[in-house]
Amino acid sequence: MALAGSGALLRQCPLLLPQNREGSVYEGFVTAQDRDFHIRILLPSDFQLKNARLQCSWRLKKILHGYHQIVKQRLQHCSDLVSFMVELKTILEAALKNAPELHAPPPPEYYSYLVRDIETLGWNKVAYVDTALNTIKLKGEDSCGRQHLITLKLNAKYPAEPPDCFVDFPVEFAISWIPQSSLIDVYSQFLAALESLKEFWNAMDEIDEKTWVLEPENPTRSATMRRIAIGNNVSINLEVDPRHPTTLPECYFLGADHVINPLRTKLNNNMHLWDPEITLLQNLKEVLETDFPSRAVLEKADFTMDCGICYAYRLDGAVPDQICGDFRCGQPFHQACLFEWLQGLPSSRQSFNVIFGECPYCNKPISVKMSMKKL
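Scope of this entry: the structure provided in the associated data block.

1. Focus: the pairing of strand β2 (residues 25–32)
- Across the 8 residues that make up β2, a large majority, 7, are buried.
- Sheet analysis places strand β1 (residues 16–18) next to β2, joined by 3 bridges and oriented antiparallel. By the bridge assignment, leucine 16 is partnered in β2 with glycine 28.
- Pairing between β2 and strand β3 (residues 35–42): 8 bridges, direction antiparallel. Pairing of threonine 31 across the sheet is with aspartate 36, part of β3.

2. A closer look at the side chain of arginine 227
- One can find arginine 227 in strand β10 (residues 225–231).
- Of note is the side chain of arginine 227, whose polar atom sits 3.3 Å from the backbone oxygen of proline 320.
- Setting aside residues up to four positions removed in sequence, arginine 227 forms contacts with Trp212, Val213, Leu214, Glu215, Ser235, Ile236, Asn237, Leu254, Val319, Pro320 and Asp321.

3. Points about the side chain of glutamate 27
- Tracing the backbone shows glutamate 27 in strand β2.
- Side chain to side chain, glutamate 27 and arginine 40 meet in a polar contact 3.3 Å long.
- Excluding residues within four positions of it along the chain, glutamate 27 makes contact with Leu15, Leu16, Leu17, Gln19, His38, Ile39, Arg40 and Phe166.

4. Concerning the pairing of strand β11 (residues 234–239)
- Burial within β11 is extensive, with 5 of its 6 residues counted as buried.
- Bridge count between β10 and β11: 6 bridges; the pairing is antiparallel. What sits directly across from isoleucine 228, in β11, is isoleucine 236.
- Hairpin connection, β10 to β11: the antiparallel pair is bridged by 2 residues, and asparagine 233 has positive phi, about 65 degrees.

5. Section: the sheet that holds β10
- Spatial ordering of the open sheet is given by β9-β10-β11-β12, a layout of 4 strands whose pairing is antiparallel. Each edge of the open sheet carries a strand with a single partner, namely β9 (213–215) and β12 (250–254). Going across the sheet, the axis of each strand differs from the next one's by a mean of 30 degrees, ignoring polarity.
- Two strands pair when backbone bridges link them, and β9 and β10 are joined in this way by 2 bridges, in the antiparallel orientation. Each bridged residue has a counterpart across the sheet, and for glutamate 215 the counterpart in β10 is arginine 227.

Cut-offs and rules
Residues numbered from 1 in each chain as written. Predicted model: local features only at pLDDT ≥ 70, side-chain atom pairs only at ≥ 80, totals over all residues. Heavy atoms only, no water. Buried < 20%, exposed > 50% of the residue type's maximum accessible area, 1.4 Å probe, protein only. Helix = DSSP H or I, 4+ residues; strand = E, 2+ residues; numbered from the N terminus. Pairing = 2+ DSSP bridges. Polar contact = N/O pair within 3.5 Å; in protein donor to acceptor, adjacent residues only side chain to side chain. Contact = heavy atoms within 4.5 Å. Axes fitted to C-alpha atoms, helices over the stretch in contact; angles between N-to-C directions.

Treat this as a map of the structure, not an account of what it does.
This is the structure we're talking about:
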């Protein structure tokens, strides 16, 4: 079952964003009647919507109470994520109309509690507050001087019920809350979470500052993946564990076989040399027995060759990651471009989601595997 394109989803739900490269986790807000509701969608490995899991904020759960069967039915029958989100927004609109008490203005105590909490916390920590005092953004700094934001969406029963919290973290952020809790408690838990992720961000910042990162183009604080240039049309894809950032990450090499096979061999042979006491980048250099291209000497353009089919570097956010294996050619292609090109050749043959054919440039054998979400 094909998932809809990211562009269509962005138009329908601009506040719902993918949280990983595979597009199996989406998190953000769904909007109905000018109100935003926090939601997280977890897709299975086969991207079948009927097996997807929804994680809703307590407020959204309350509004959709009694509509669970309808939501489940829509998951079973919608063809892609975009159509499901359209259906979900329709269901949410109907649920909001049938719950007029949700539109009641907060009691005066709500504002007095909230203003008291902000004054205790300090207005200098407030980055944004809307006119209705329903949405507040607080800024915090970790011990390394990095700035972070936490968005709080409150309801009329605050502080008896907790706010929804939205942060740019690589792990789930769940707050502990009792009726006597306040913004100060949320902020303290936010700062503690920042410190717990300090080593992860230190590792990622070092990679961003000292190597040429090809993907993601503008990494967020929640991004655990980096694709780093090693040489011309050769790169390594890292997936770093945010809870254990100094351990060996998941590694995947991209490039022609005659170039990446020696790198795989070095990784396997030197894995025992990995030292959690030194930085992630230094470990990579020693285990792979290589220096990554310096940002001070080379430009990113030296590693960003355009696709040999569409003549562009980025295509729907993807960069060329399929390389002709012939060392005299080495032409890069987008996965989708090469797959479509080979499909159009009568001499190509396909086995499941892998298609075999000839390189458009040198006519040497080449194959490409299309990910299931593109089929």
